[in-house]
Amino acid sequence: MRLTLFLDHACNLACTYCYNGRKFSRPMSLDTARAAVKLVLDSPTPLIQVGFFGGEPLLQQDLIGQVVEMVRGEVAGRQAEPLFTMTTNATLLDGPTVQRLAAFKMHYGVSIDGPQPYHDAARPYAGGQSSFPKVLAALGHLVQAGAPLKTITVVTPRNLEALADTFRMLADLGVRHVHFSLDYESPWTEADLERYRLALRQLGDAWADRCRAGGPYVLVSIFENKIRSHIKGGYSCADQCDFGCAEWAVAPSGHIYPCDRLVGEDTREDLIIGDVHHGGIFLDRLKALVARKNALPEGCEECQYRQRCMHWCGCVNYAMTGDVGEVDGLLCRFEQIHIEESDRVAALLFQEQNPVFLTHFYKGLVKK
């Protein structure tokens, strides 16, 4: 089970596309965190990951330390220590903080939206100042410390032309896992879709060039997921999102949601699947939401991309249509672009017998 603790609704940035709504201070109490952990430990599924989310979780640094020590105490003798993760804007991650958190063996997801003009256009401080220098410095501290790290770049129509440059910048910094996350709620036009297709092709070429230059391998999630879905003949059940079944996100109030992206301002009663203080998991509501999410959407039966399409992502569907099981046609367009570009660049590297590519995806085929 992956447990995400939404530590606070407050944030020190004013991102233009934030899906979490208003920023207000309502920090989670240690008692709520403890109740959430005990609820998971009493469930049939082992606690394998504890994530810190928000708002900006590093506004609650003391709470993070208290939760880590509490979790370690609760699981001692019961199961292996879970992995600790944090999704952060990194503006509060200076060198001493990175060293302090190293004791927790923290895994980081750091948000950065490209070179400075693109990043600052989308992720300024609440007062309008640039956040880019702080984020770049934090990445340097994390890479230098050898901390487990991935970057998260939100893709909107405003930063499409920078995708390849963003990848090169991050790879040159020493980042080895680059995640591009589409903002599905942006007002995408037909012209934007064609721009995105071109931008993804440029990103694919930049990624292929990095493979051709020799290791170490840099994982780009868009390509990684679609290439593996080709190798395996489609997504397996284990590849699909854990939405409510193996993932719980707990708001400061104690409400439980099936995904951290759905907490928002903690007002979406139709998405609350439980309460750590009052009744635990609401099984009937959870089963209904999961069944709705997992139902094959109408019109998908004959689609050639069905087995490799992420139509099953409940949080994306809800963001686009207001229904965890209803797929917007725009998602289909994006998924087609992802599959076609991933297949193109993978075919090139396979034909070239690129050793970095083959070692990562086809270890048995690497020539000695």
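Our subject is the structure listed above.
Residues numbered from 1 in each chain as written. Predicted model: local features only at pLDDT ≥ 70, side-chain atom pairs only at ≥ 80, totals over all residues. Heavy atoms only, no water.

**Focus: the overall build of the chain**
The helix and strand tally for the chain stands at 12 helices and 11 strands. On C-alpha atoms alone, the chain measures out to a radius of gyration of 21 Å, which is about the 21 Å that the 2.2 N^0.38 rule sets for 368 residues. Each of the three principal axes of the chain carries a C-alpha extent, and together these read 55 × 50 × 45 Å. Here the chain holds 368 residues, and 53% of them are scored as buried. A sequence separation of at least 24 residues applies to 69% of the contacts in the chain between residues at least 6 apart. Of the accessible surface of the chain, which amounts to about 16,000 Å², a share of 53% is contributed by carbon and sulfur atoms. In the chain, which carries 37 positive and 43 negative side-chain charges, the distance between the mean positions of the two groups comes to 6 Å. (Helix = DSSP H or I, 4+ residues; strand = E, 2+ residues; numbered from the N terminus. Rg over C-alpha atoms; globule rule 2.2 N^0.38 Å. Buried < 20%, exposed > 50% of the residue type's maximum accessible area, 1.4 Å probe, protein only. Contact = heavy atoms within 4.5 Å. Areas by Shrake-Rupley, 256 points an atom, 1.4 Å probe, with all protein chains shown as cover. Lys, Arg positive; Asp, Glu negative; His and termini not counted. Charge placed at Lys NZ, Arg CZ, Asp CG, Glu CD.)

**Here we look at the layout of surface pockets**
Approximately 190 Å³ is the volume found for the second largest pocket. Surrounding the second largest pocket, 14 residues form its lining, G299, C300, C303, C309 and C332 being those nearest its centre. Here the residues of the lining of the second largest pocket sort into 8 nonpolar, 3 polar and 3 charged. (1 Å grid on protein atoms, 1.4 Å probe; cavity = no way out; pocket = protein on both sides within 12 Å on 5 of 7 lines; lining within 4 Å. Points joined across faces, edges and corners; volume = space filled by probe spheres on them. Nonpolar A, V, L, I, M, F, W, Y, C, P; charged D, E, K, R; others polar.)

**Concerning the nonpolar core**
The biggest cluster of nonpolar side chains holds 110 residues, and the ones touching the most others in it are L5, F52, I64, Y108, F167, Y196 and W207. Looking at this core, the element that brings in the most residues is helix α7 (residues 190–212), giving 9 residues. When sequence neighbours within four positions are dropped, the list of residues in contact with F52 reads L5, L7, P57, I64, V67, V68, F84, T85, M86, T87 and M106. Counting 6 residues, the second-largest nonpolar core is a separate cluster that includes L13, C15, A122 and Y125. (Core = buried A, V, L, I, M, F, W, Y, C linked by side-chain atoms within 4.5 Å.)

**Concerning unusual backbone geometry**
Residue P216 follows G215 across a cis peptide bond; omega there is -5 degrees. As for its placement among the helices and strands, P216 is situated in the loop between α7 and β7 (219–220). The phi dihedral of K105 is positive, around 55 degrees, even though this residue is not glycine. Position of K105 among the secondary structure elements: in the loop between α3 (95–101) and β4 (107–111).

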